[in-house]
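Fold and geometry: a report
What follows is each chain in one-letter form.
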Amino acid sequence: MEGQPPAKKRARREMGVGETDERFARLLKEMGDYEPTIPDAVVTHYLEKVGFSTDDKKIKRLIALATQKFLYEVITDAMQKSKIREKRDQKKRRVLQMEDLASSLKAHGINVVKPDTFVDSIKTYQKLANQQ
């Protein structure tokens, strides 16, 4: 038959699905012992805030793990951008700036807009205007 892959490829593909299921089952089993960086109470709060409620500890830990991975990727990317900027500017001290973080978040689909500056009095406004 022309449309179907050979038997060997089909067997490998089926075996891969079984391996994936087995690895996922092992991950869920290990989730009970794993203590994520983001506490269960924080995950529960934000899940309930968006209208999702569950008592399943494994689901909460899986969401915490995915969030932790996302944050790690964003922060790592922002630090790389900071290193590149510091090499260009010849600075010795590493400082993560908001621009680095905003650029990293934008690459991950989150747009950060710097808020307008608010002042508490006319005198503060005048000081800021004179500095610029």
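Below: a short report on this structure. This is a predicted model, so every value here is computed, not measured. (Residues numbered from 1 in each chain as written. Predicted model: local features only at pLDDT ≥ 70, side-chain atom pairs only at ≥ 80, totals over all residues. Heavy atoms only, no water.)

**Quick notes on empty space enclosed by the protein**
If you walk through the whole model with that rule in mind, you get 1 cavity of 30 Å³ or more. Considering only enclosed or pocket space, the largest cavity measures out at about 30 Å³ in volume. Lining the largest cavity, in full, are Thr44, Leu47, Glu48, Phe52, Ser53, Thr54 and Lys60. At 3 residues, helix H2 (residues 40-49) tops the list of elements feeding residues into the lining of the largest cavity. When the residues that make up the lining of the largest cavity are grouped by side-chain class, the tally is 2 nonpolar, 3 polar and 2 charged. (1 Å grid on protein atoms, 1.4 Å probe; cavity = no way out; pocket = protein on both sides within 12 Å on 5 of 7 lines; lining within 4 Å. Points joined across faces, edges and corners; volume = space filled by probe spheres on them. Helix = DSSP H or I, 4+ residues; strand = E, 2+ residues; numbered from the N terminus. Nonpolar A, V, L, I, M, F, W, Y, C, P; charged D, E, K, R; others polar.)

**Focus on helix H4 (residues 98-107)**
The complete set of buried residues in H4 reads Asp100, Ala102, Ser104 and Leu105. Those residues of H4 that are buried are in contact with helix H3 (57-89). A positive phi of about 90° marks Gly109, the residue just after H4. (Buried < 20%, exposed > 50% of the residue type's maximum accessible area, 1.4 Å probe, protein only. Contact = heavy atoms within 4.5 Å.)

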